[in-house]
Amino acid sequence: MRKNRFRGLAVILLVTLLSGAALTACAYIAPYGYTRPDYILAKTTNRLALNSGPGTKKYFKELGTYGSAGEYAKILAKAWDPNNGIWWLKVEYPVGSGFVGWTGEKRFDASTFSRDDVPTEYWYPY
């Protein structure tokens, strides 16, 4: 029975890929009873230099530098930048403003949030 189930999943995956339909997969499986938050508040260690995407000005527009160390910002997502080998965080700053930009993970106190709880966005081909 197990082999048939996996064969059926393989056929569905192949048909989906060949038809050009979008394939969505969830790489994170939460423990029973746990729900991932929509956002995370984290404490800044520096001013937030925000860009329009998860990368340097070579690839994305600079939006400006905001705030100061010791403030809190809403972290909405993370993305790995293979060009620089760092995690970028999508943040809303100031909290509640709706203004969103990307900044390097180093600008946050790692003890105030868990990177594993932040949803991942994929911007670069792997």
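Residues numbered from 1 in each chain as written. Predicted model: local features only at pLDDT ≥ 70, side-chain atom pairs only at ≥ 80, totals over all residues. Heavy atoms only, no water.

Draft legend 1. View of the overall build of the protein chain. Per the secondary structure count, the protein chain includes one helix and six strands. For the protein chain, long-range pairs separated by at least 24 residues make up 58% of all intrachain contacts whose partners lie at least 6 apart in sequence. Carbon and sulfur atoms provide 58% of the accessible area of the protein chain, an area that totals close to 8,600 Å². (Helix = DSSP H or I, 4+ residues; strand = E, 2+ residues; numbered from the N terminus. Contact = heavy atoms within 4.5 Å. Areas by Shrake-Rupley, 256 points an atom, 1.4 Å probe, with all protein chains shown as cover.)

Draft legend 2. Here's a closer look at the nonpolar core. By size, the foremost hydrophobic cluster in this structure holds 12 residues: I40, A42, L48, L50, A73, I75, L89, V91, Y93, F108, F113 and V118. Contributions of two or more residues to this core are made by β1 (40-43), β2 (48-51), β4 (72-81) and β5 (86-92). In this structure A42 touches E71, Y72, A73, I75, F108, T112 and F113, once residues within four positions along its chain are discounted. (Core = buried A, V, L, I, M, F, W, Y, C linked by side-chain atoms within 4.5 Å. Buried < 20%, exposed > 50% of the residue type's maximum accessible area, 1.4 Å probe, protein only.)

Draft legend 3. Region of interest: the pattern of salt bridges. As enumerated under the stated definition, the model contains three salt bridges in all. The residue K74 makes a salt bridge to E92 at a minimum N-O spacing of 3.1 Å. One end of the pair, K74, is in strand β4; the other, E92, is in strand β5, and 18 residues separate them in sequence. An identical accessibility class is assigned to K74 and E92; each is buried. In this structure, the salt-bridge partner of K90 is E121, at a minimum N-O distance of 3.1 Å. Of this pair, K90 sits in strand β5 while E121 is found in the segment after β6 (100-104), placing the two residues 31 residues apart along the sequence. (Salt bridge = Lys/Arg side-chain N within 4 Å of Asp/Glu carboxyl O.)

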